[in-house]
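# A closer look at the structure
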Number of protein chains: 2
Amino acid sequence: MHINHIGIPSDHPRAKSIYIREMLVNGFRRGLVVPEGLIAHGRGEAYDYLIGERTTKTAQRAIEAAAAMMLLSNRPVISVNGNTAALCPNTVVELAKVTGAAIEVNIFYRTEEREKAIKAELELHGAKKVLGVGSQASARIPQLQSERRRVDPDGIYAADTVLVPLEDGDRTEALTKMNKTVITIDLNPLSRTSRAANITIVDNVVRAMPILVESTRKLRSTLSLKKITDNFDNSKNLHESLKIIKGEVQ
Amino acid sequence: MHINHIGIPSDHPRAKSIYIREMLVNGFRRGLVVPEGLIAHGRGEAYDYLIGERTTKTAQRAIEAAAAMMLLSNRPVISVNGNTAALCPNTVVELAKVTGAAIEVNIFYRTEEREKAIKAELELHGAKKVLGVGSQASARIPQLQSERRRVDPDGIYAADTVLVPLEDGDRTEALTKMNKTVITIDLNPLSRTSRAANITIVDNVVRAMPILVESTRKLRSTLSLKKITDNFDNSKNLHESLKIIKGEVQ
């Protein structure tokens, strides 16, 4: 595997992590990602390192619950920011197809140029419709000050379940106050996002998304989806992820 | 404290961390920092969060040993990369003055433009001489493939002690193989840099540098510097930092 323009060799101890990093830097160069998004990715890298850069059993449980919840929902929406568009545009589109979810662009540092770049990236990977761009985002999440409050009245505003990979704490809290079910993918089990969400997948989005797609495919014909979501305990799951980070369990 | 153009309020739970982050993004906009540097900063943020965003007693011990080592050295050099120049140019210059150390620019993603921008930033903060820029960096660190191998024959190449804040593992290992004493500032006690260095300060460079300057000032007239460095055990210190991250000790 040759990795990038700076020629990191495939036997480099950090090759895989550097490869993902370069995907993001690439997304940055193409106008999808902002500088703050690069820093956020770095935080993720550190937590990923601590959980051993693998999808833990704890994360797998959360993924299964998330898959069941997406399938149970009437109006699921996948919220896509710059980092998500740079790292996994293909699996976002796949997941939308399998679950019937809408795709909506939602970014903290909002410019119409970047919204359009993210939309174009998703369309390049097969998205038929992308909500939340420009004047489409005419609804508002109450009690939220940042530009992330702007949402599509046909998308996040009307959704019963929102998948928000790589989200900020303020918006996660605001979405739960709107009585939406929030699913997040976040490598820090202590973050406000992780604690506020209903289902938190503590995993790298690059690893978790394909497993989530696979899981929804498997569960599509299952009748006991409600049992899966009912049995899932997010606090307990986060506590276990924290134990993994602390090296107390595998 | 009003923080930045996006108007993060001072009572925001992450205000201090966001302020430092914006210093770095600012450095990025001015051409000091590369995208990969932003990601590296994010990793640091995560580890800083885990140690409680404070200078621990363990870090203070390492800072004292580093101060003594700088004062004991015949040819100490402070190696400055983009992130260091963006975050603490003033304390780099102060430390050089107190210890008589040379200042040298050394960056992974080398362009003469960026080298000059870093040099200019240091000069703006009072640096009289900055080594390692352009053709000045004519010597090579053996067995190192990246552009960080290029060093100044009058600076890092001839140094007995090198302070490398925010360093990469490859170069730290290469410098120790050249029998130089390496002091680093790194928030990840498990990194190759932290493990390869002779003295590792597990702390945020923004907090550690002023304390290091203060410590060298205090120790300048001390006769027992050698005792301080001899009593310092880096492995033991790193082990304690790891315990703090795991929440086993304060």
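Residues numbered from 1 in each chain as written. Chains lettered and ligands numbered in written order. Predicted model: local features only at pLDDT ≥ 70, side-chain atom pairs only at ≥ 80, totals over all residues. Heavy atoms only, no water.

### Points about the sheet that holds strand β6 (residues 181–185) of chain B
Residue and element names in this part refer to chain B. As summarised here, the arrangement of the 5 strands in space is β2-β1-β5-β6-β7, forming an open sheet in which the pairing is parallel. Looking at strand neighbours, the two that pair on one side only are β2 (102–105) and β7 (199–201), the edges of this open sheet. Strand after strand, the sheet turns through a mean of 20 degrees between neighbouring axes, direction not considered. Summarising the sheet, strand β5 (residues 161–165) and β6 pair through 5 bridges and their orientation is parallel. Paired with Thr-161 across the strands is Thr-181, a residue of β6. In the packing of helix α5 (residues 89–99) onto the sheet, the strands contacted are β1 (76–80), β2 and β5, and the crossing angle to β1 comes to about 175 degrees. (Pairing = 2+ DSSP bridges. Helix = DSSP H or I, 4+ residues; strand = E, 2+ residues; numbered from the N terminus. Axes fitted to C-alpha atoms, helices over the stretch in contact; angles between N-to-C directions. Contact = heavy atoms within 4.5 Å.)

### Comments concerning the relation of the copies chain B and chain A
Overlay of chain B on chain A (RMSD 0.0 Å): rotation 180 degrees, translation along the axis 0.0 Å. Taken together, the rotation and translation describe the operation of a two-fold axis. When the interface residues of chain B are mapped onto chain A, 100% of them again lie at the interface, so the same face is used by both copies. (Least-squares fit on C-alpha atoms with pLDDT ≥ 70 in both.)

### Some thoughts on the nonpolar core
One broad trend across soluble globular proteins is that nonpolar side chains are buried collectively. Core analysis: the biggest nonpolar cluster contains 100 residues, and Ile78(A), Leu163(A), Met209(A), Ile78(B), Leu122(B), Leu163(B) and Met209(B) have the highest contact counts within it. Apart from the residues lying within four places of it in its own chain, the contact partners of Met209(B) are Cys88(B), Thr91(B), Val92(B), Leu95(B), Leu163(B) and Ile185(B). (Core = buried A, V, L, I, M, F, W, Y, C linked by side-chain atoms within 4.5 Å. Buried < 20%, exposed > 50% of the residue type's maximum accessible area, 1.4 Å probe, protein only.)

### A look at the interface of chain B and chain A
Taken together, the 28 residues of chain B in the interface contact 28 residues of chain A. Per-residue buried area on chain B facing chain A is highest for Ile39(B), Arg43(B) and Lys246(B); these three make up 21% of the total on that side. Along the contact surface separating chain B from chain A lie 2 salt bridges. With a closest N to O distance of 2.4 Å, Glu45(A) and Arg43(B) form a salt bridge. Elements supplying a minimum of two residues to the side of chain B that touches chain A: α1 (15–29) and α2 (35–50) of chain B. Examining the composition of the side of chain B that touches chain A, we find that 12 residues originate from one element, α2(B), more than from any other. Residues that form the side of chain B that touches chain A fall into these classes: 15 nonpolar, 4 polar and 9 charged. (Buried area = accessible area lost by both parts, 1.4 Å probe. Salt bridge = Lys/Arg side-chain N within 4 Å of Asp/Glu carboxyl O. Nonpolar A, V, L, I, M, F, W, Y, C, P; charged D, E, K, R; others polar.)

### Section: the pairing of strand β1 (residues 76–80) of chain A
Residue and element names in this part refer to chain A. Counting buried residues along β1, 5 of its 5 residues qualify, which places the element largely inside the surrounding structure. In β1, alternate side chains face the same way, and those of Pro-76, Ile-78 and Val-80 on one face and Val-77 and Ser-79 on the other are all buried. Where β1 and strand β5 (residues 161–165) come together, 3 bridges link them in parallel fashion. If you follow Ile-78 over to β5, its bridge partner there is Leu-163.

### Here we look at the pattern of salt bridges
Enumeration over the complete set of coordinates arrives at 35 salt bridges over all chains. The residue Glu167(A) makes a salt bridge to Arg171(A) at a minimum N-O spacing of 2.7 Å. When its relative accessible area of 0% is taken as the criterion, Arg171(A) is described as buried. The shortest N-O distance in the salt bridge between Arg217(B) and Glu214(B) comes to 3.8 Å. Of the two residues, Arg217(B) and Glu214(B) are both situated in helix α9 (residues 205–219); the distance of 3 residues between them amounts to about one turn of the helix. When its relative accessible area of 39% is taken as the criterion, Glu214(B) is described as partly exposed. Three or more residues joined by partner-sharing salt bridges are found here, namely Arg148(A), Glu167(A), Asp168(A) and Arg171(A).

### What about unusual backbone geometry?
Only a minority of non-glycine residues have a phi that is not negative, and only a minority of peptide bonds are not trans. Residues and elements named next belong to chain A. Positive phi is not limited to glycine here, since Leu-166 has a value of about 60 degrees. Secondary-structure assignment places Leu-166 in the loop between β5 and α7 (169–177). By relative accessible area, Leu-166 is classed as partly exposed at 29%. Positive phi, normally seen in glycine, also occurs at Asn-179, with a value near 65 degrees. Assignment of secondary structure puts Asn-179 in the loop between α7 and β6 (181–185). Taking relative accessible area as the criterion, Asn-179 reaches 70% and is therefore assigned exposed.

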